[in-house]
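Understanding the architecture of this molecule
Single-letter residue listing:
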Amino acid sequence: MIKYLGSKRVLVPTIGALFRASRAQTALDLFTGTTRVAQEFCRSGAFTYAVDTATYSEILGQCYVEADSHQVDLEEVHEALRHLSSLPPKRGYVTEVFSETSRYFHPHNGQRIDAIRDGIEESYANSPLYPILLTSLLEAADRVDSTVGLQMAYLKSWAPRALQPMELRVPKLTAGTGKAIRGDSSSLANSLPRVDFAYLDPPYNQHRYFTNYHVWETLVRWDSPDHYGIACKRTDSQDSSSKSPFNSKRKMPRALRQTVIDVNADLILLSFSDEGFVSIDDLVAMCSEREDHTEVLAFDSKRHVGAQIGIHNLAGEKVGTVGRRRNTEYLILSGEKDRVKEIIASSGVSSTR
Ligand SMILES: C[S@@+](CC[C@H](N)C(=O)[O-])C[C@H]1O[C@@H](n2cnc3c(N)ncnc32)[C@H](O)[C@@H]1O
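Structural notes, computed from the coordinates.

What counts, and where the lines are drawn
- Residues numbered from 1 in each chain as written.
- Predicted model: local features only at pLDDT ≥ 70, side-chain atom pairs only at ≥ 80, totals over all residues.
- Heavy atoms only, no water.
- Helix = DSSP H or I, 4+ residues; strand = E, 2+ residues; numbered from the N terminus.
- Rg over C-alpha atoms; globule rule 2.2 N^0.38 Å.
- Buried < 20%, exposed > 50% of the residue type's maximum accessible area, 1.4 Å probe, protein only.
- Contact = heavy atoms within 4.5 Å.
- 1 Å grid on protein atoms, 1.4 Å probe; cavity = no way out; pocket = protein on both sides within 12 Å on 5 of 7 lines; lining within 4 Å.
- Points joined across faces, edges and corners; volume = space filled by probe spheres on them.
- Axes fitted to C-alpha atoms, helices over the stretch in contact; angles between N-to-C directions.
- Left-handed = near helix turned anticlockwise from the far one by under 90°.
- Nonpolar A, V, L, I, M, F, W, Y, C, P; charged D, E, K, R; others polar.
- Near = heavy atom within 4 Å.
- Polar contact = N/O pair within 3.5 Å; in protein donor to acceptor, adjacent residues only side chain to side chain.
- Areas by Shrake-Rupley, 256 points an atom, 1.4 Å probe, with all protein chains shown as cover.
- Arc of directions from axis to C-beta.
- Pairing = 2+ DSSP bridges.

1. Considering the overall build of the protein
- A count of helices and strands for the protein gives 14 helices and 9 strands.
- Taking 353 residues into account, the globule formula puts the C-alpha radius of gyration at 20 Å, and the protein, at 21 Å, falls close to it.
- Here the C-alpha coordinates of the protein stretch approximately 60 × 50 × 35 Å along the principal axes.
- For the protein, buried positions account for 53% of its 353 residues.
- Residue pairs in contact within the protein that sit at least 24 positions apart in sequence constitute 75% of those at least 6 positions apart.

Below is the structure:
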């Protein structure tokens, strides 16, 4: 799965344990990102809705949430990947912008990405394999990129993995099905079908996903956008339509409160960190407005990559000093009181709070 800021890689087993203890049959992952939490719900047998504003999240959702591993012919996927891997490299947008003007991919891989991405469009645009092949390319490109996992900058010297030849692999599909939806969670929350269990993992602060993952947005949209700056970000990232209220310190509390109130679910699990725009007391107050009982679970956690390696400028030089390297991740479970207590007790999850 792709490297992703705020991804719940470490918390997935905990979220999965709470989910299974709830015996939910339907689920919603409202800020799905990599879809790794939605995948856990699918693996637990739930019909899952996966929502995000990012175009790459929608494709990942179509691959991991909508596609059913029992229905997809894996031999057909292998055959398509063999064909795409054999295409002759060619110099296109990725090579020009992300390998020459900037240095996200070694030119050898940049040219292969261009050839494969065009090949997917030419041969599979109307095929059910389309999101699976695109996900395979996205994940293959992520394994050979030359960043620390954010696309606001690239490394001064090539990362060792960037020199490796890119390899397409078959994504590990989940059984069962669901629905991927691209859109703004705060507008969609009250119109989505009712579910047993909703998971909300909004951005915690001003770091925008549209700019932090602009290369994935472009690779999926394949729209050759105008770009600006050393990082070659999409020009449309300056438009207000690409900005999320969840990245604004002023707008975020109101947007989150309304979303929490609007979600149609028996149980809500909200993720947040002690570094976010909203305090834990305010989060509990928001959840309590649903007239539900609320329990807070806390987990000591490693901070994002910038806090581990230090702060660097675009020339790759270390600037400023790093503060703390750990933070607290919260999971806030709301619902009918006895049920919430029973879920936490039977899940075996233990909190540091
Ligand atoms: C903390 S990340 C979620 C990470 C995800 N749980 C995972 O494990 O991969 C927050 C996500 O919210 C999405 N997002 C930001 N604003 C949004 C909005 N208004 N509506 C829906 N999604 C939004 C971002 O694109 C990002 O994928």
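2. With respect to the layout of surface pockets
- Looking at the second largest pocket, its volume works out to about 240 Å³.
- If you trace the second largest pocket, you find 13 residues lining it, with Met1, Tyr64, Glu139, Pro171 and Lys172 closest to the centre.
- When residues of the lining of the second largest pocket are traced back to their parent elements, those giving at least two are helix H2 (36–43) and helix H7 (130–143).
- If one sorts the elements of the lining of the second largest pocket by residue count, H7 sits on top with 3 residues.

3. Section: the packing of helix H11 (residues 252–262) against helix H12 (residues 280–288)
- Packing of H11 against H12 leaves a shortest axis separation of 8 Å and a crossing angle of 35 degrees. When the axes of H11 and H12 are compared, the crossing they make is right-handed. Of the residues in H12, those in contact with Pro253, Leu256, Arg257 and Val260 of H11 are Leu283, Met286 and Cys287.
- Split by residue class, the contact of H11 with H12 holds 6 nonpolar, no polar and 1 charged.

4. A word on the site of the ligand
- In the vicinity of the ligand lie 20 residues, with Tyr4, Thr34, Asp52, Asp184 and Asp201 positioned nearest.
- Thr34 has a polar side-chain atom sitting 2.6 Å from an oxygen atom of the ligand.
- Here Ser244 contributes a side-chain N or O atom positioned 2.7 Å from a nitrogen atom of the ligand.
- Its free accessible area being 600 Å², the ligand has 98% of it covered by the protein chains.

5. Topic: H11
- Of all the residues in H11, the buried ones are Met252, Ala255, Leu256, Thr259, Val260 and Asp262. Across the axial projection of H11, the buried residues extend over an arc of 165 degrees, all falling on one side.
- Against the buried residues of H11 lie helix H8 (185–188), strand S4 (195–200), strand S7 (265–273) and H12.

6. Comments concerning the side chain of Thr174
- Looking at the secondary structure, you find Thr174 in the loop between H7 and strand S3 (178–182).
- Using a relative accessible area of 3% as the deciding quantity, one classes Thr174 as buried.
- Within polar-contact distance, the side chain of Thr174 engages the backbone oxygen of Tyr64 at 2.6 Å.
- If sequence neighbours within four positions are ignored, Thr174 has contacts with Gln39, Cys42, Arg43, Tyr64, Ala67, Asp68 and Ser69.

7. Overview of the environment of Lys8
- Locating Lys8 in the fold gives a position in the segment before helix H1 (12–22).
- Residue Lys8 is classed as buried on the basis of its relative accessible area, which comes to 5%.
- Note: C-alpha distance between Lys8 and Gly33 (25 residues apart in sequence) is 9.6 Å.
- Beyond its immediate chain neighbours, meaning those up to four positions away, Lys8 contacts Ile15, Arg36, Val37, Tyr199, Asp201, Tyr204, Ser271 and Glu329.

8. Observations concerning helix H3 (residues 55–66)
- Of all the 12 residues making up H3, 9 are buried; the element is thus mostly covered by neighbouring parts of the structure.
- Residues of H3 that are buried: Thr55, Tyr56, Ser57, Ile59, Leu60, Gly61, Cys63, Tyr64 and Val65.

9. Side note on the environment of Asn327
- Note that Asn327 resides in strand S9 (residues 326–335).
- For Asn327, a relative accessible area of 5% gives the class buried.
- Separated by 26 residues in sequence, Asn327 and Ser301 place their C-alpha atoms 5.3 Å apart.
- Residues in contact with Asn327, not counting those within four places in the same chain, are Ser273, Asp274, Glu275, Phe299, Asp300, Ser301, Lys302 and Arg303.
- A polar contact is formed between the side chain of Asn327 and the side chain of Glu275, at a distance of 2.9 Å.

10. Topic: the sheet that holds S4
- The strand order across the open sheet formed by 7 strands is S3-S2-S1-S4-S7-S9-S8, and the pairing between neighbours is mixed. Single-partner strands in this sheet number two, and they are S3 and strand S8 (293–302). Adjacent strand axes in the sheet meet at a mean angle of 15 degrees when their direction is disregarded.
- With 5 bridges connecting them, S4 and S7 associate as parallel partners. Residue pairing for S7: Leu200 is matched across the bridge by Leu270.
- Sitting on the sheet, H1 touches strand S1 (26–29), S4, S7, S8 and S9, and the angle it makes with S4 is about 165 degrees.
- Across the sheet, H11 is in contact with S4 and S7; its angle to S7 comes to roughly 155 degrees.

11. Let's talk about unusual backbone geometry
- Notably, Arg23 is not glycine yet its phi reads approximately 55 degrees, a positive angle.
- Tracing the backbone shows Arg23 in the loop between H1 and S1.
- Arg23 gets classed as exposed once you look at its relative accessible area, which sits at 63%.

The quantities given are spatial measurements derived from coordinates; they are silent on function.
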